[in-house]
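Below are the chains, spelled out letter by letter.
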Amino acid sequence: MTKEDLMRRAILLSEKSVREDGGPFGAVIAKNGKIIAEASNSVTIDNDPTAHAEVNCIRKATHSLGTFNLEGCEIFTSCEPCPMCLGAIYLAHLDHIYYANDRVDAAKIGFDDKFIYDEIVLPPQKRNKPIESMLRDEAIRAFEMWDESTDKSEY
């Protein structure tokens, strides 16, 4: 399939999602032009605020391929990924991101993530939501264990 075909599939999924009471977002993950996984937004269907099209698609692709590393794959999304989805895409090691609508288009219909983008760059103590560190001295042991382990699966 061409890149345009893959993007059209993501767009079709976004339209189908609207008809099925989901959010207006779709995503496709492909490897060498072949669809590995596809998904749409199911936040309201699943009562899961993390069930964005990109995250749902990543979950399906990793399950399908049996790996948490999606190097060699590309993602096609009907809209520019939000901060959460962008983070998930980077963590999954997808090679390339293609998107149709942008964040300005999304904001015009009520999906405005500017607040989150603005919060991310602030130091924790200046963010809108209270955030504080606690019990670091106890928690650091798990990090030390990980660091010392010789049989870990790094990601």
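Up top is the structure these notes are about.
So, here's what we can say about the structure. (Residues numbered from 1 in each chain as written. Predicted model: local features only at pLDDT ≥ 70, side-chain atom pairs only at ≥ 80, totals over all residues. Heavy atoms only, no water.)

What to know about the packing of aromatic side chains
If you walk through the whole model with that rule in mind, you get four aromatic pairs. Considering the side-chain rings of Phe25 and Phe111, the 4.9 Å spacing of their centres and the 85 degrees angle between planes classify their relative orientation as edge-to-face. With Phe25 in the loop between α1 (3-19) and β1 (26-31) and Phe111 in the loop between α5 (103-108) and α6 (114-120), the pair connects residues that are 86 residues apart, well separated along the chain. Looking at Phe25, the relative accessible area reads 13%, which means it is buried. On the accessibility criterion, Phe111 (35% relative accessible area) is partly exposed. (Phe/Tyr/Trp six-rings, centres within 6.5 Å; stacked < 30°, edge-to-face > 60°. Helix = DSSP H or I, 4+ residues; strand = E, 2+ residues; numbered from the N terminus. Buried < 20%, exposed > 50% of the residue type's maximum accessible area, 1.4 Å probe, protein only.)

Considering the sheet that holds strand β3 (residues 74-79)
Two pairing modes exist for strands in a sheet, parallel and antiparallel, and in both the strands are linked by backbone hydrogen bonds. Across the sheet, which stays open at both edges, the four strands sit in the order β2-β1-β3-β4 with mixed pairing between neighbours. At either end of the open sheet lies a strand with only one pairing partner, and these are β2 (34-40) and β4 (96-101). In this sheet, neighbouring strand axes are inclined to one another by 15 degrees on average, regardless of whether the strands run parallel or antiparallel. Most of the contacts of α1 go to β1, to which it runs at about 150 degrees, and overall it touches β1, β2, β3 and β4. (Pairing = 2+ DSSP bridges. Axes fitted to C-alpha atoms, helices over the stretch in contact; angles between N-to-C directions. Contact = heavy atoms within 4.5 Å.)

Considering the pattern of salt bridges
Tallied over the entire structure, the rule returns six salt bridges. Arg103 serves as the salt-bridge partner of Glu80, at 3.1 Å between the closest nitrogen and oxygen. Residue Glu80 is located in the loop between β3 and α4 (83-91), and its partner Arg103 is located in helix α5; the two are separated by 23 residues in the primary sequence. In this structure Glu80 comes out as buried when scored by relative accessible area, which is 17%. As a salt-bridge pair, Arg141 and Glu148 come within 3.9 Å of each other at their nearest N and O atoms. For Glu148, a relative accessible area of 54% gives the class exposed. Connected via shared salt-bridge partners are Arg141, Glu144 and Glu148. (Salt bridge = Lys/Arg side-chain N within 4 Å of Asp/Glu carboxyl O.)

Some details on the nonpolar core
Formed by 18 residues in total, the largest nonpolar core has its most connected members in Ile29, Cys57, Ile58, Ala61, Leu70, Ile75 and Leu94. Secondary structure elements with two or more residues in this core: β1, β2, α3 (53-65) and β3. The element contributing the most residues to this core is α3, with four residues. Judged by nonpolar contacts, the second largest core, of eight residues, contains Ala10, Leu13, Ala30 and Tyr98. (Core = buried A, V, L, I, M, F, W, Y, C linked by side-chain atoms within 4.5 Å.)

A word on the pairing of β1
Here is the key point about a regular strand: its side chains alternate between the two faces of the sheet. Where burial is concerned, most of β1 is hidden: five out of the six residues are buried. Hairpin connection of β1 to β2: two residues between the antiparallel strands, including Asn32 at a positive phi of 55 degrees.

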